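Report on the structure
The lines below spell out each chain.
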Amino acid sequence: MCVKRERLCGPVAAKSAPGAFAAVHEAGPKRSEAFVHQPTLVRYRCAACQAPWHRYDRPMTLGIRHRRLPICSACSLAIFLASVAVPVAQPLNAGVATRPGEGQASTLVAPALGAHTLLGQEDQVAVSPAVTTPIATQSAGSSLLAFSAGYTSNSNGPTDNKGNNWTLLGSPVIYNGYNGAFDVKAYVSISAAGGAGHTLSIVKSGVANGELTLPFVEIRNADVLRDVARNYPTGSTTLTSPTVSTTGPATLIALWWGDGGGLQHSAVPDSGFSIIENFVNLPPMSAVQCVVAARQVTRAGSYHVSWTQTPDPGAPLWLFAFQSSDTVFRTDFEVAL
């Protein structure tokens, strides 16, 4: 590009070198350094908007007058404001490819505690089927956890009104001290369907009017049961679960199932767990006591929980770690001006 330039006191030749901005040289015979360092009023034409403008030019030598493309003050201000403008925030995945690739960073979608409830049926006056109160679960993307504790002869697993498949986790745990009459079983449904009015039920195949405790917990954005551990400690007022490990953000669910007689019980977890369901003050004909607690963790690690309990001699304990395998990728962008 050649930029027209002339001094008011005489013509000036404009030259440009290939691949560079115009370099304007003064024509005419060589003059003294004093003259060279005197300011000269020069007329320019803006390279951006083509408007004429003037400025005093003070070259330091008889060579190149300036090395930058002449742009008027209004265009210079506009270019500066554009360079410091803050872009409008967009959602993480707005206009972004979601496949893995070079120059991409990943953000893990963390699981979270969802809806939950607990049904505690009193012995000798209970009914079959045992049905939980309705809860509102996510339509998709959640995992569901349930337990059945009561008479061993009531061996049927749970069903829900959303058509999910339920899997028994391990073998039933038989309670100490009751001649094998009572047990507790864990069930899970991964990547389950959900929605409003979600209920869970168990048809009793043995003792229809027998006690049964049925917690029902949703873990949202969770399609992986990363780890699960159980034990049956006894003989202490503090009972500690085994350890579970996570590879990133996770929702931890812990359960205490006291095995003592009587109607009044207490169990309090530590390690940042919060109680979400608490069935320890039992009805007159008795029932199966249970406490459910949850904790949200944000990084990979190993976790356990200890329960301070009374007056139970022992308790089957479970600890679950639910995670999500969903990943959102952000792609780097280059802006060409």
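Refer to the structure presented above.
What comes next is a walk through the structure. (Residues numbered from 1 in each chain as written. Predicted model: local features only at pLDDT ≥ 70, side-chain atom pairs only at ≥ 80, totals over all residues. Heavy atoms only, no water.)

Turning next to the overall build of the protein chain. Helix and strand counts for the protein chain come out as two helices and 26 strands. A buried classification covers 41% of the 337 residues belonging to the protein chain. Contacts spanning at least 24 positions in sequence make up 76% of the contacts within the protein chain whose residues lie at least 6 apart. Here the protein chain has roughly 17200 Å² of accessible surface; of this, 56% comes from carbon and sulfur atoms. (Helix = DSSP H or I, 4+ residues; strand = E, 2+ residues; numbered from the N terminus. Buried < 20%, exposed > 50% of the residue type's maximum accessible area, 1.4 Å probe, protein only. Contact = heavy atoms within 4.5 Å. Areas by Shrake-Rupley, 256 points an atom, 1.4 Å probe, with all protein chains shown as cover.)

Our next topic: the sheet that holds strand β20 (residues 266-269). On the basis of which strands lie adjacent, the open sheet formed by three strands has the order β17-β24-β20 and antiparallel pairing. Two strands lie at the open edges of the sheet, namely β17 (238-240) and β20, each paired on one side alone. Taking the axes of each pair of neighbouring strands and ignoring which way they run, one obtains an average angle of 25° across the sheet. (Pairing = 2+ DSSP bridges. Axes fitted to C-alpha atoms, helices over the stretch in contact; angles between N-to-C directions.)

On to the pairing of strand β9 (residues 142-151). On any regular strand, side chains alternate: one points to one face of the sheet, the next to the other face. Counted residue by residue, β9 has nine buried out of 10 residues, so it is predominantly covered. Here β9 pairs with strand β13 (residues 182-192) via nine bridges, running antiparallel. Each residue of the ladder has a partner; that of Ala146, found in β13, is Tyr187. Across six bridges, β9 lies against strand β15 (residues 212-220) in antiparallel orientation. Within β15, the position partnered with Ala146 by the bridge is Phe216.

Right, let's get into the nonpolar core. In terms of nonpolar packing, the biggest core is built from 28 residues, with Leu145, Phe147, Ile253, Leu255, Trp257, Trp318 and Phe320 touching the most fellow members. Breaking this core down by element, the ones donating at least two residues are β9, β13, β15, β19 (250-256), β21 (274-279), β22 (290-297) and β25 (317-323). Not counting residues up to four positions away in its chain, the partners in contact with Trp318 are Phe147, Val173, Val184, Ala186, Val228, Ala229, Arg230, Ile253, Ala254, Leu255 and Trp257. (Core = buried A, V, L, I, M, F, W, Y, C linked by side-chain atoms within 4.5 Å.)

Another point: the sheet that holds strand β14 (residues 200-202). In spatial order, the strands read β8-β14-β10; together these three strands make up an open sheet with antiparallel pairing. The open sheet has two free edges, formed respectively by β8 (130-131) and β10 (159-160), since each of these has just one partner strand. Here β10 runs beside β14; their pairing, made up of two bridges, is antiparallel. Note on β14: the bridge partner recorded for Asp160 is Leu200.

Locating Thr246 in the fold gives a position in strand β18 (residues 244-246). At a separation of 3.3 Å, a polar atom in the side chain of Thr246 contacts the main-chain carbonyl oxygen of Arg299. Apart from the residues within four sequence positions on either side, Thr246 is in contact with Arg226, Leu252, Arg299, Ala300, Gly301, Tyr303, Ala321 and Gln323. (Polar contact = N/O pair within 3.5 Å; in protein donor to acceptor, adjacent residues only side chain to side chain.)

All right, on to unusual backbone geometry then. Omega for the peptide link from Ser128 to Pro129 comes to 0°, which places this bond in the cis form. Secondary-structure assignment places Pro129 in the loop between β7 (112-121) and β8. The peptide bond linking Thr310 to Pro311 adopts the cis configuration, its omega dihedral lying at -5°. The residue Asn179 is not glycine, and still its phi comes out positive at about 55°. Inspection of the secondary structure puts Asn179 in the loop between β12 (173-174) and β13. Positive phi outside glycine occurs at Ser191, with the angle close to 50°.

Counting buried positions along β25 gives seven out of seven residues, so the element sits mostly inside the fold. Of the two faces of β25, both are covered, the one formed by Leu317, Leu319, Ala321 and Gln323 as well as the one formed by Trp318, Phe320 and Phe322. Bridge analysis of strand β16 (residues 224-231) against β25 gives seven bridges, and the strand direction is antiparallel. The partner of Ala229 across the bridge, within β25, is Leu319. Alignment of β19 against β25, held across six bridges, turns out to be antiparallel. Bridge assignment links Leu252 to a residue of β25, and that residue is Ala321.

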